[in-house]
Amino acid sequence: MKVVIFAGGIGSRITEESHLRPKPMIEIGGKPILWHIMKIFSSHGFNEFIICLGYKGYMVKDYFFNYYMHNSDITIGLKDNSVEIHNSEAENMKITLVDTGQNTKTAGRLQRIKKYLDGEEFMLSYGDGVADIDLTALLAFHRSHGKMATVTAIQPAGRFGVLHMNHAGEVDIFNEKLQGDENWINGGFFVLKNDVFNYLPENADELMWEESALPILSADAQLMAYQHKGYWKCMDAMRDKIELEEQWDKGVPPWKIW
């Protein structure tokens with residue numbers, strides 16, 4: 001089964017890093033967050049990827065084109081331009097890198113990679129979110145209900161303390177950073193039948209996948225939610241990168257399931 005990853009956005013809320021590189025190439029523990037996401041999928045046996053490129057996409061191409069060299073010890077003979085490879089750490093992955101346009105929105109990016117799919121079901125996610133999700137269970141859930149689309153639903157931790165006050169302004173309840181509430185949000189990690197392309201126009205460049213196809217799929221009773229109650233984190237801003245780096249440096253990052 002192929003895995004499609006959106007990796008073309010600018011990352012406007014993490015400009016400290018994204019003015020230099022595409023958001024999915026921002027590093028956590030010396031590796032792009034895109035690599036971490038791919039390792040999550042690979043740990044469950046999903047090793048074939050289609051990466052939707054856009055902003056500074058050449059940097060993603062360069063990283064993977066030279067991946068074998070960058071992750072090996074090498075001896076270079078300058079006189080005869082010879083190269084000897086030692087201790088390679090190459091991954092068992094096949095990656096198709098597709099330029100889907102500088103300003104194309106997510107529905108358009110998905111539409112543009114349709115020709116690289118084989119007509120079967122596929123997975124789809126974003127290039128900035130990690131989780132300790134059981135992808136094998138996700139796929140089993142998707143196949144059990146027979147609907148066209150499955151989205152992973154998560155309950156994110158609140159960023160701020162929650163206050164409840166009486167009429168006089170006295171705080172009678174204080175909860176610091178609640179872990180979710182009754183609301184579930186889109187956490188990515190979709191499983192989709194190929195028929196979802198029927199919900200996209202031929203030219204979908206100006207449409208968001210989340211605002212166009214998903215609401216219609218829901219209205220047609222073709223969208224199911226897989227509830228993930230474990231770890232999930234989206235690298236939306238610099239504070240998120242710092243938090244992910246701190247977790248990696250502790251040696252037990254919760255999304256590292258490989």
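In this report, we go over the structure that sits alongside the text. Just so it is clear, the structure is predicted and the values come from calculations on it, not from any experiment.

Rules used in this analysis
Residues numbered from 1 in each chain as written. Predicted model: local features only at pLDDT ≥ 70, side-chain atom pairs only at ≥ 80, totals over all residues. Heavy atoms only, no water. Helix = DSSP H or I, 4+ residues; strand = E, 2+ residues; numbered from the N terminus. Buried < 20%, exposed > 50% of the residue type's maximum accessible area, 1.4 Å probe, protein only. Contact = heavy atoms within 4.5 Å. Areas by Shrake-Rupley, 256 points an atom, 1.4 Å probe, with all protein chains shown as cover. Lys, Arg positive; Asp, Glu negative; His and termini not counted. Charge placed at Lys NZ, Arg CZ, Asp CG, Glu CD. Polar contact = N/O pair within 3.5 Å; in protein donor to acceptor, adjacent residues only side chain to side chain. Arc of directions from axis to C-beta. Patch = residues over 30% accessible without salt bridge, like charges linked within 9 Å, V, L, I, M, F, W, Y side chains within 5 Å. Salt bridge = Lys/Arg side-chain N within 4 Å of Asp/Glu carboxyl O.

Concerning the overall build of the protein
Point 1. When helices and strands are tallied, the protein shows eight helices and 16 strands.
Point 2. Counting only C-alpha atoms, the protein reaches 80 × 45 × 35 Å along its principal axes.
Point 3. Out of the 258 residues belonging to the protein, those deemed buried represent 44%.
Point 4. Sequence-distant contacts in the protein: of pairs separated by 6 or more residues, those separated by 24 or more amount to 73%.
Point 5. Carbon and sulfur atoms make up 50% of the accessible area of the protein, which amounts to about 13700 Å² in all.
Point 6. Averaging the coordinates of the 26 positive side-chain charges in the protein and doing the same for the 35 negative ones gives two points 3 Å apart.

Some remarks on the side chain of H228
Point 1. Within the element layout of this structure, H228 appears in the loop between β15 (223-227) and β16 (232-234).
Point 2. Among the polar contacts made by the side chain of H228, one reaches the main-chain carbonyl oxygen of Y231 at a distance of 2.8 Å.

Quick word on helix α3 (residues 57-65)
Each α-helix winds once per 3.6 residues, and so residues spaced three or four apart point in a common direction.
Point 1. Buried within α3 we find G57, V60, Y63 and F64. For α3, the arc enclosing every buried residue in end-on projection is 120°, short of the 170-degree limit, so these residues lie on one face. Turned more than 90 degrees off the buried face of α3, the exposed positions are Y58 and F65.

Focus: unusual backbone geometry
Point 1. A positive phi angle, close to 60°, is found at N81, a residue other than glycine.
Point 2. Within the fold, N81 resides in the loop between β5 (73-77) and β6 (82-86).
Point 3. At F189, a residue that is not glycine, the phi angle is positive and equals roughly 50°.
Point 4. Here F189 lies in the loop between β13 (185-186) and β14 (190-192).
Point 5. Taking the relative accessible area as the measure of exposure, F189 reaches 2% and is therefore buried.

Some words on a nonpolar patch on the surface
Point 1. On the surface, Y68, M69, I74, I76, L78, V83 and I85 cluster together to form a nonpolar patch covering roughly 640 Å² of accessible area.
Point 2. Elements with a contribution of two residues or more to the nonpolar patch: α4 (67-70), β5 and β6.
Point 3. On the secondary structure map, I76 appears in strand β5.

Points about the side chain of T150
Point 1. In this fold, T150 is placed in strand β10 (residues 149-154).
Point 2. Residue T150 is classed as buried on the basis of its relative accessible area, which comes to 0%.
Point 3. A polar contact is formed between the side chain of T150 and the side chain of H142, at a distance of 2.8 Å.

Thoughts on the pattern of salt bridges
Close approach of charged atoms allows side chains of opposite charge to pair.
Point 1. The full count for this structure, using the stated rule, is nine salt bridges.
Point 2. Of the charged contacts, one joins K241 and E245 as a salt bridge, the two residues approaching to 3.2 Å between their closest N and O atoms. Placement of the pair is K241 and E245 together in helix α8 (residues 238-249), with a separation of four residues, close to one helical turn. The exposure classification of K241 matches that of E245, with both residues buried.
Point 3. Linked by salt bridges that have partners in common, K23, D128 and D236 make up one network.

A short note on the environment of F189
Point 1. In this structure the C-alpha to C-alpha distance between F189 and T96, which are 93 residues apart in sequence, comes to 19 Å.
Point 2. If sequence neighbours within four positions are ignored, F189 has contacts with F41, L124, S125, G129, A131, I133, L135, L138, T150, V151, T152 and W232.

Geometric descriptors of this kind do not, in isolation, establish any biological role.
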